[in-house]
Amino acid sequence: MNQTRNSAFATDQSIGKTVRIVVDKLLVRIQSGEYPPDSRLPSERALAAELGVSRNTVREALDILESRDMVRRRQGSGSFVTFDSHRPDAPAPGSVGERTSPLDHLIVRSIIEPEMTRLAVMNMTPRDLEDLAQVVAQIEAVRTDLNEFIRCEEAFYRTIARATRNPLLEACYDLTIEVCRQSFRTALMRKHLTPDRIQSYQVRFNSLFNAIATRDVEAAVEITKLHLVEEQRLFLHDG
């Protein structure tokens, strides 16, 4: 079994002990091939009965596995294994994604995103603004779909990173996004992403777009910082 991956789950303090145990047990089955790629996992009810835990505990464990691209969940169909140790893009043991904690990720974002926003405001072209407006429209259309919200958020920041006209910074932020996909952020957000919070985020992204569109550097940077503070507050509250 991939000991590095397993230890990353075991030492993370943002999830409870019982959930970590369930995650570890499911990981063993997935990584050993007992649950092979593309196979369907037993139902939440069956897993809860077998492991002697509540369905909520199983659901939270599956949320975490989904956030790490180990499983894919289809409403009404169940959970399916997506992890394949033979894939060329499978996270390597000891890779930066394996070694980065959610807090590490937030710290790096707090360093990169404000300056990235500042450069984008100064360098963004009309085409960039057009692309960003389309992403904002997609964000505003989200109601409760967490995966769609995360996808739109990534697209929003990728557009800003590209608009900096700094290929090295853009590449650094791409790495940040990839590491984010291997972190527990999706599972953490799932607990807090209520319709009201989605609406609050939509307002914030719209405000950030307006600040960028009007070339208001100070306002754009301040909104970015406030958004990061909210992310940190959610993480610390969960922990």
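In the block above lies the structure referred to throughout.
Residues numbered from 1 in each chain as written. Predicted model: local features only at pLDDT ≥ 70, side-chain atom pairs only at ≥ 80, totals over all residues. Heavy atoms only, no water.

Description of the packing of aromatic side chains
Taken as a whole and assessed by the stated rule, the structure comprises six aromatic pairs. Geometrically, the ring pair formed by F156 and F205 is edge-to-face, given 4.9 Å between the ring centres and 65° between the ring planes. In this pair, F156 is assigned in helix α8 (residues 146-163) and F205 in helix α11 (residues 195-213), connecting sequence segments 49 residues apart. Across this residue pair, the class does not change: F156 and F205 are buried. In this structure an aromatic cluster arises from ring pairing among F149, F156, Y157, Y173, Y201 and F205. (Phe/Tyr/Trp six-rings, centres within 6.5 Å; stacked < 30°, edge-to-face > 60°. Helix = DSSP H or I, 4+ residues; strand = E, 2+ residues; numbered from the N terminus. Buried < 20%, exposed > 50% of the residue type's maximum accessible area, 1.4 Å probe, protein only.)

Side note on the side chain of S39
Looking at where S39 falls in the secondary structure, it is placed in the loop between α2 (17-32) and α3 (44-51). One polar contact links the side chain of S39 to the main-chain carbonyl oxygen of P36, over a distance of 2.6 Å. With residues up to four places along the chain from it excluded, the contact list for S39 reads S79, F80 and V81. (Polar contact = N/O pair within 3.5 Å; in protein donor to acceptor, adjacent residues only side chain to side chain. Contact = heavy atoms within 4.5 Å.)

Re helix α7 (residues 126-141)
An α-helix turns once per 3.6 residues; consequently, residues spaced three or four apart project the same way. Along its 16 residues, α7 runs 23 Å from first to last C-alpha, staying within 8% of the 22 Å computed at 1.5 Å per residue. Turning to α7, its buried residues are D128, L129, D131, L132, V135, V136 and I139. One side of α7 carries all its buried residues, which in axial view fall inside an arc of 160°. Among the exposed residues of α7, those oriented more than 90 degrees off its buried face are P126, R127 and A141. Of the surrounding elements, those touching the buried residues of α7 are α6 (102-123), α8 and α11. (Expected span 1.5 Å × (residues − 1). Arc of directions from axis to C-beta.)

Comments concerning unusual backbone geometry
For residues other than glycine, phi is negative in most cases, and the peptide bonds are mostly trans. In the Ramachandran plot, R165 falls in the positive-phi region, its phi being about 60° despite a non-glycine side chain. Summarising the element assignment, R165 is placed in the loop between α8 and α9 (167-181). Residue class for R165 comes out partly exposed when judged on its relative accessible area of 45%. Even without glycine at this site, R215 takes up a positive phi of about 60°. Here R215 shows up in the loop between α11 and α12 (217-238). Residue classification places R215 among the partly exposed positions, given a relative accessible area of 38%.

Nothing here speaks to function; it is all geometry.
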